[in-house]
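Each chain, letter by letter, is given below.
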Amino acid sequence: MLRTTSRFFQAAQAALLAPKEIAELSASLAKASPKEIMECALKLHGDDVAISFSGAEDVALIHLASETGLPFRVFSLDTGRLHAETYRYMQAVSDFYGIDIEYTFPDQKATQDLVRAKGLFSFMKDGHKECCDVRKVAPLRRQLSGLRGWITGQRKDQSLTRTAVPLVHVDGAFKGMEGQDLIKWNPLSNVSSAEVWKLIRKEGTPFFGGGQHINWNTSECLMLCCAVTVWYSIHFL
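So, here's what we can say about the structure. (Residues numbered from 1 in each chain as written. Predicted model: local features only at pLDDT ≥ 70, side-chain atom pairs only at ≥ 80, totals over all residues. Heavy atoms only, no water.)

Observations concerning the packing of helix H6 (residues 108-118) against helix H7 (residues 129-144)
Piece 1. Where H6 contacts H7, the two axes come as close as 9 Å, and the packing angle between them is 155°. Classed by the angle they form, the pair H6 and H7 counts as roughly antiparallel. H7 is crossed by H6, and the crossing has left-handed handedness. For the pair H6 and H7, the contacting residues are Ala110, Thr111, Leu114, Val115 and Lys118 in the first and Glu130, Cys131, Val134 and Arg135 in the second. (Axes fitted to C-alpha atoms, helices over the stretch in contact; angles between N-to-C directions. Helix = DSSP H or I, 4+ residues; strand = E, 2+ residues; numbered from the N terminus. Parallel < 35°, antiparallel > 145°, perpendicular 65-115°, else oblique. Left-handed = near helix turned anticlockwise from the far one by under 90°. Contact = heavy atoms within 4.5 Å.)

Structure representation (structure tokens):
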């Protein structure tokens, strides 16, 4: 499979992949496995691509990357509103795979100004946009500005609005290194949630709800983490 995409490698390494070439690349990967797509992303971009780790199913991406035998980067957003169990879960994943997760944080002044002006729970009063912009969108934009590509766990079966999720495409919401187009990879696009969880359980990777990890029934977790994540996912992923 990788031989069929070899003509894209030189252009990608020079950050010259045009939108048409990216569409062709995505089409060439139509019958590739998630692991093969992951391998292609890592080989094309090297250290200039990173996996976005933001939830239980994203651990499947980390597992696929580890199976390629190639070096890979993982980043995660710490909004400052995460449940303690979320931190324990992230550390469990880091320890299990022997990786250093690159945590990205909100701007200190912007967060301080928001909290001082509107309190800790403004998102429950006037919607999630302002809080999410400060705590999630801005730090994500900063993280992605140092990359040429990013790898997400986005899938077609996650909602009715995601029925068209390309395996590879130009990200329309963010820019990458030097203000150039950012390439977004979705290796799990054609995979169902059931298949993802089958992989997670089969390989024995850490996951939420496994007793030692998170209890999703806690209202604190739902208020402090899930609410802003739902808004962010709808508008930016």
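Examining the nonpolar core
For soluble globular proteins, nonpolar side chains are generally found buried alongside one another.
Piece 1. By size, the foremost hydrophobic cluster in this structure holds 39 residues, and its most contacted members are Leu29, Phe53, Ile151 and Trp185.
Piece 2. Of all elements in the fold, only helix H2 (19-28), helix H3 (34-45), strand S1 (49-52), helix H4 (59-68), helix H5 (84-97), strand S6 (181-185) and helix H8 (193-203) reach the threshold of two or more residues within this core.
Piece 3. In contact with tryptophan 185, other than residues within four places in its own chain, are Leu25, Leu29, Ile37, Cys40, Ala41, Leu44, His45, Trp150, Ile151, Thr152, Leu167 and Val168.
Piece 4. Among the nonpolar cores identified, the runner-up in size contains 10 residues, and Ala50, Phe75, Leu147 and Leu182 belong to it. (Core = buried A, V, L, I, M, F, W, Y, C linked by side-chain atoms within 4.5 Å. Buried < 20%, exposed > 50% of the residue type's maximum accessible area, 1.4 Å probe, protein only.)

Description of the sheet that holds S1
Piece 1. Read across the sheet, 6 strands follow the order S3-S2-S1-S4-S6-S5 without closing on themselves; strand pairing throughout is mixed. Lying at the two open borders of the sheet, with one neighbouring strand each, are strand S3 (102-104) and strand S5 (168-175). Neighbour-to-neighbour, the strand axes of this sheet turn through a mean angle of 35°, independent of strand direction.
Piece 2. When S5 meets S6, the two strands line up antiparallel, connected through 4 bridges. (Pairing = 2+ DSSP bridges.)

Quick word on the environment of aspartate 133
Piece 1. With respect to the helices and strands, aspartate 133 occurs in helix H7.
Piece 2. A sequence separation of 27 residues divides aspartate 133 from proline 106, and the C-alpha atoms of the two residues are 9.4 Å apart.

Considering the pattern of salt bridges
Piece 1. Under the criterion given, the structure shown has 11 salt bridges.
Piece 2. Several salt bridges converge on common partners, so that one network encompasses Glu57, Arg155 and Asp157. (Salt bridge = Lys/Arg side-chain N within 4 Å of Asp/Glu carboxyl O.)

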